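Listed below are the residues making up each chain.
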Amino acid sequence: MVKYWMASVSKEHTEHGVNGGFIQVCHGKKAPLQRMKKGDFIIIYSSRIKMSSTEKLQHFTAIGKVTDDETYSFQMTETFIPFRRNIEFYNCQESSIIPLIDQLDFIADKKFWGYPFRYGHFEISEKDFNLIASKMLQK
């Protein structure tokens, strides 16, 4: 059964992943990535442009599909070896979350709509995925 996922990643890091065909979440943790299976879909939400900046973005920035069942480690530095998953990213346009907040079921408290993204990686409904995808994949 196909599942739909949301990941919270800065736009800068999302761009690295899109260019490399991978996703890395929750500071490189393995467990969240292992919950995904080949054929699952994922949307990336970027609250910020850069992880180390306070400059807000609040856009969905990438959308793709998990291409295999492998979770693998990748040595970025001598002391940082995060886990990754291969993703086929689609050509898309960024889309603001603001006009969608009231329609998204995974946001239980519309006043504190940013709360779910604190988890870094979580499952969403097919309905929510399709709503966001309809904005991102518009031609």
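Not measured: the values here are computed from a predicted model. (Residues numbered from 1 in each chain as written. Predicted model: local features only at pLDDT ≥ 70, side-chain atom pairs only at ≥ 80, totals over all residues. Heavy atoms only, no water.)

Visitor: Quick rundown of the pattern of salt bridges? Include the residues and the values.
Guide: Any two side chains of opposite charge can pair, so long as their charged atoms come close to each other. Using the criterion set out here, one finds four salt bridges in the structure. Put simply, Lys11 and Glu15 hold a salt bridge, and the shortest N to O gap is 3.9 Å. On the criterion of helical spacing, the pair formed by Lys11 and Glu15 is a turn pair, its members being four residues apart in helix α1 (residues 11-20). Accessibility expressed as a relative area gives 22% for Lys11, which makes it partly exposed. Across the pair Asp105 and Lys127 runs a salt bridge whose closest N-O atoms are separated by 3.3 Å. With Asp105 in the loop between β6 (95-96) and β7 (121-124) and Lys127 in helix α3 (residues 126-136), the pair connects residues that are 22 residues apart, well separated along the chain. Take Lys127: its relative accessible area is 47%, and that puts it in the partly exposed class. Taken together, the salt bridges that share partners define one network made up of Lys11, Glu15 and Glu94. (Salt bridge = Lys/Arg side-chain N within 4 Å of Asp/Glu carboxyl O. Helix = DSSP H or I, 4+ residues; strand = E, 2+ residues; numbered from the N terminus. Buried < 20%, exposed > 50% of the residue type's maximum accessible area, 1.4 Å probe, protein only.)

Visitor: Any chance you could break down the layout of surface pockets for me, citing the residues and the numbers?
Guide: If you add up the space inside the largest pocket, you get close to 950 Å³. Along the walls of the largest pocket sit 36 residues, with Ser8, Val9, Ser10, His27 and Met51 positioned nearest its centre. Of all elements in the fold, only α1, β2 (22-23), β3 (41-48), β4 (56-73) and β5 (83-89) reach the threshold of two or more residues within the lining of the largest pocket. Its residues assigned to classes, the lining of the largest pocket comprises 16 nonpolar, 15 polar and five charged. (1 Å grid on protein atoms, 1.4 Å probe; cavity = no way out; pocket = protein on both sides within 12 Å on 5 of 7 lines; lining within 4 Å. Points joined across faces, edges and corners; volume = space filled by probe spheres on them. Nonpolar A, V, L, I, M, F, W, Y, C, P; charged D, E, K, R; others polar.)

Visitor: Account for the pairing of β5, naming residues and giving values.
Guide: The pairing of β2 with β5 spans two bridges and is classified as antiparallel. Each residue of the ladder has a partner; that of Ile23, found in β5, is Arg85. Note that β4 and β5 share six bridges and pair antiparallel. Each bridged residue has a counterpart across the sheet, and for Ser73 the counterpart in β5 is Phe83. (Pairing = 2+ DSSP bridges.)

Visitor: Lay out the packing of aromatic side chains with the relevant residues and their values.
Guide: Scanning all chains against the criterion turns up nine aromatic pairs. Note on Tyr115 and Tyr119: the rings are 5.9 Å apart at their centroids and 85° apart in plane angle, and the pair reads as edge-to-face. Looking at Arg84, its charged tip hangs above the ring of Phe22, at a distance of 3.6 Å from the centre. Above the ring of Phe74, the side-chain terminus of Arg84 is found at 3.8 Å from the ring centroid. (Phe/Tyr/Trp six-rings, centres within 6.5 Å; stacked < 30°, edge-to-face > 60°. Lys NZ or Arg CZ within 6 Å of the ring centre and 35° of its normal.)

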